[in-house]
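What the coordinates show
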Amino acid sequence: MTGTGGPQRRAASWAGSWAGLRPWAPWLAVVLVAGRLLAVVGLRPYVYVDSGEYLVLDLTGRSRRPWATPLLYELVPGQHRGEVVAQALVGGLAWTALAVAVAAWFPVRRVGLAAAATVAALGLTTSVTNWDTAILSESLALSLTVALVAAWLQLVRRPGWWAAAAVVALTLPWLFVRQSLLPTAWLVVAVAVGAAVLARRRAGAWRPMAATAAALLVLTVLASWSYTRNQEVVRTNLTVIVANRVVPDAERLAWFRDHGMPVPASGALDVTSLTEDPAFSRWVAGEGRRTYLTYLASHPWYTLTEPLDDLVGVRRSYGDEPAPQVTMLSPADGYGMARPVIPEVLEAVLFGPGATGTVVAALALALGASVARYRHRDRRWAVSLALIGLSLAALLTGWHGATPELGRLAIVAAVALRIGLILHLAVVVEGALLPRREAGAPGGAAYPRAG
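Model, not experiment: these values are computed from the prediction. By convention here, each chain's residues receive numbers from 1 onward along its written sequence. For a predicted model such as this one, the threshold for reporting local features is a pLDDT of at least 70, and the threshold for listing and counting side-chain atom pairs is 80 or more; totals across whole chains, interfaces and linings nevertheless cover every residue. The side-chain numbers reported here are obtained from all heavy atoms of the structure, hydrogens and water having been left aside.

Describing a nonpolar patch on the surface
Each patch is assembled from residues with relative accessible area greater than 30% and no salt bridge, linking like charges that lie within 9 Å and nonpolar side chains (Val, Leu, Ile, Met, Phe, Trp, Tyr) that lie within 5 Å. Reported accessibility uses the Shrake-Rupley method at a 1.4 Å probe radius. Residues are deemed covered only where the shown protein chains occlude them. The working definition used for a salt bridge is a side-chain nitrogen of Lys or Arg within 4 Å of a carboxyl oxygen of Asp or Glu. The grouping of L57, L59, L71 and L75 at the surface amounts to a nonpolar patch, some 390 Å² of accessible area in total. Strands are runs of DSSP state E lasting at least two residues, helices are runs of H or I lasting at least four, and both sets are numbered from the N terminus onward. Along the chain, L57 falls in the loop between α2 (25-40) and α3 (68-75).

Written out as structure tokens, the structure is:
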């Protein structure tokens, strides 16, 4: 399953493709930064009830909000309007890094450029840019996630100490931008350990990959410990979950009561009554999370299927009363405001707010193409499929971790899922093109395939 030119020549050609990106990378940065600024400059900042909590910088872990977003706001002059500009600038630079890293990932230049252009356009959709005008943590969470994916692509492409340092350096603020990212962080650690084990076969790759895995483990342990110092958000979310998802189901409520969950003597099971009950509050602070996780582990059908209604949009019957829909695969929540800067038809395809059909179709296409071309797979599939899998897992854990603002919680994973799909489909397309390229041009480049 190798082509003309030999594995070393093809790998060298692929690894050296970075040089061809340098002339246009600065221009891409200008376009993306200008696009992000055009989308939001002059629009009013949107300040919410919890926005003030992001203005308090606390590195001790005792604050309700972690320190990454407050640190960015601390460094920016001009109060809220300056923060909007800062978030747009950081976003533009992060998406530039990702587009360049994506382009470098493909030996077939036109495939790499097409994938990079698609990713760049995704970063200019209003579903992404509207968060720049919201004084919340989502804009920075998106930017750090995008930059981290770019660093991982570079590390996998050319394992080395600088790439490893970039992954570790970006992971630090990423861990402390949103507490809800912590479950995903542990999954990333597991993936990093697996990547280090597989890297033993590649000369010069094992040490940087192993060091990266070890550093991520240490950082994630420290972040987990730091978050134990203030559990207000976790306890509130668990109380709301009990009131909204456990109480309405008699069988589920009976299970929790049989496993030690107390209820108020008054019999009232609304959020306020549960919060004000001392016994229930002690249970939430002590055994509550363990009991909840035990329920999820022992009821896999509920765990895997219950979120579906909120992941994918539903076309409702005229006989049903109108009700707002949650679409975590394509959150329609607009916490901020943004001007469209790319064609509306392109935005609808890449990230139409509330439109989940496109992403479901892309998932089906990615799965079908992977099955059809399994014999022609290459090592890059592991990266794109891992990103898709991590994103889907993050959506599930986000749903089980809270009940309100599910769209807001899902936005980072929804964007990461699209990046993974773009990468995977582009790799599959390139794999189909390479045999013809090699047949027509001896010595043509190809990424070394598995199998």
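Next comes the rest of the write-up.
Overview of the nonpolar core
In terms of nonpolar packing, the biggest core is built from 96 residues, with W95, L98, F106, W152 and I419 touching the most fellow members. In terms of residue count, the dominant contributor to this core is helix α7 (residues 138-157) (14 residues). Working rule for contacts: check all heavy atoms of both residues, and any pair within 4.5 Å makes them a contact. Ignoring anything within four residues of it in the chain, the contact list for I419 reads W95, L98, L122, V146, V149 and L387. Formed by 32 residues, the second largest nonpolar core is a distinct cluster that contains V242, M261, L296 and Y302. Put simply, a nonpolar core is a bunch of buried Ala, Val, Leu, Ile, Met, Phe, Trp, Tyr and Cys residues held in one set by side-chain atoms that sit within 4.5 Å of each other. In this scheme, a residue with accessible area under 20% of its type's maximum is buried, one over 50% is exposed, and one in between is partly exposed, where area comes from a 1.4 Å probe on protein chains only.

Things to note about the packing of helix α11 (residues 232-246) against helix α14 (residues 278-298)
Put simply, α11 and α14 touch, their axes get as near as 10 Å, and they point 80 degrees apart. When the interaxial angle is binned, α11 and α14 end up roughly perpendicular. Touching V234, R235, L238, T239, I241, V242 and R245 of α11 are F280, W283, V284, A285, G288, R289 and Y292, all from α14. Think of it as three bins: nonpolar holds Ala, Val, Leu, Ile, Met, Phe, Trp, Tyr, Cys and Pro, charged holds Asp, Glu, Lys and Arg, and polar takes everything else, Gly as well. When its residues are assigned to classes, the contact of α11 with α14 shows 9 nonpolar, 2 polar and 3 charged. Axes, fitted as lines to C-alpha atoms, cover a helix only where it is in contact. Angles between the N-to-C directions of the axes lie from 0 to 180 degrees. When an angle is under 35 degrees it counts as roughly parallel; over 145 it counts as roughly antiparallel; between 65 and 115 it counts as roughly perpendicular; any other value is oblique.

Quick look at the packing of α7 against helix α8 (residues 161-175)
Pairs of packed helices are described in terms of their axes, by the angle between the two and the distance that separates them. Packing of α7 against α8 leaves a shortest axis separation of 9 Å and a crossing angle of 160 degrees. When the axis of α7 is compared with that of α8, the two are roughly antiparallel. Handedness of the α7/α8 crossing: left-handed. Residues A141, L144, T145, A147, L148, A151, W152, Q154 and L155 of α7 form the contact with α8, whose participating residues are A163, A164, A166, V167, L170, T171, P173 and W174. Looking at side-chain class alone, the contact of α7 with α8 contains 14 nonpolar, 3 polar and no charged residues. For any pair of crossing helices, the crossing counts as left-handed if the nearer helix is rotated counterclockwise from the farther one by less than a right angle, and right-handed if it is rotated clockwise.

Section: empty space enclosed by the protein
Cavity: a set of points on a 1 Å grid over the protein atoms alone where a 1.4 Å probe fits but cannot get out. Pocket: an open set with protein on both sides within 12 Å along at least five of seven lines, its lining residues, like those of a cavity, having an atom within 4 Å of a point. Grid points are joined across faces, edges and corners, and a volume is the space filled by probe spheres set on the points. Under the criterion given, the structure shown has 2 cavities of 30 Å³ or more. Approximately 110 Å³ is the volume attributed to the largest cavity. Considering the residues around the largest cavity, the lining is formed by 13 residues, among which G61, S63, R65, P66 and Y227 are closest to the centre. In terms of residue class, the lining of the largest cavity is built from 4 nonpolar, 5 polar and 4 charged. Considered as a void within the structure, the second largest cavity measures approximately 30 Å³ in volume. Lining the second largest cavity, in full, are T171, W174, A185, V188, L216 and T220. The set of elements that each furnish at least two residues to the lining of the second largest cavity consists of α8, α9 (182-198) and α10 (206-227).

Considering the pattern of salt bridges
The tally for this structure, following the rule as stated, stands at 13 salt bridges. Among the salt bridges present, the one from D50 reaches R65, with a minimum N-O distance of 3.4 Å. With D50 in the loop between α2 and α3 and R65 in the loop between α2 and α3, this residue pair connects regions lying 15 residues apart in the sequence. Across the pair, exposure class does not vary: D50 and R65 are buried alike.

Points about the packing of aromatic side chains
Both the distance between ring centres and the angle between the ring planes are used here to describe each pair of aromatic rings. Pairs were defined over the aromatic rings of Phe, Tyr and Trp, the Trp ring being its six-membered one, requiring ring centres within 6.5 Å. Orientation was assigned from the angle between planes: stacked under 30 degrees, edge-to-face over 60, tilted for the rest. Applying the stated criterion to the full structure yields 11 aromatic pairs. Consider the rings of F176 and Y227, whose centres lie 5.8 Å apart with planes at 35 degrees: the pair is tilted. Here the residue F176 occupies a position in the loop between α8 and α9, and Y227 occupies one in helix α10, the gap between them amounting to 51 residues. Using a relative accessible area of 6% as the deciding quantity, one classes Y227 as buried. Among the aromatic residues, those joined into a cluster by ring pairs are W255, F256, Y295, Y302 and W399. We call a charge positioned above a ring when the Lys NZ or Arg CZ atom is no farther than 6 Å from the ring centre and deviates by at most 35 degrees from the ring normal. R44 extends its terminal NZ or CZ atom over the ring of Y46, reaching a point 4.0 Å from the ring centre. Over the face of the ring belonging to W105 we find R380, whose NZ or CZ atom lies 5.9 Å from the ring centre.

Concerning the environment of T305
Structurally, the position occupied by T305 is in helix α15 (residues 300-305). Taking the C-alpha atoms as reference points, T305 and R207, separated by 98 residues in sequence, lie 40 Å from one another. In protein, a polar contact requires one atom able to donate a hydrogen and another able to accept it; more generally it is a pair of N or O atoms within 3.5 Å, and residues adjacent in sequence count only if both atoms are side-chain atoms. Within the local environment of T305, its side chain forms a polar contact with the backbone oxygen of W301, the two atoms lying 2.5 Å apart.

Let's talk about the side chain of S127
Mapped onto the secondary structure, S127 falls in helix α6 (residues 126-129). Setting aside anything within four residues of it in sequence, one finds S127 in contact with E347, F351, P353 and I411.

Honestly, that's just the spatial picture; any functional story needs more than this.
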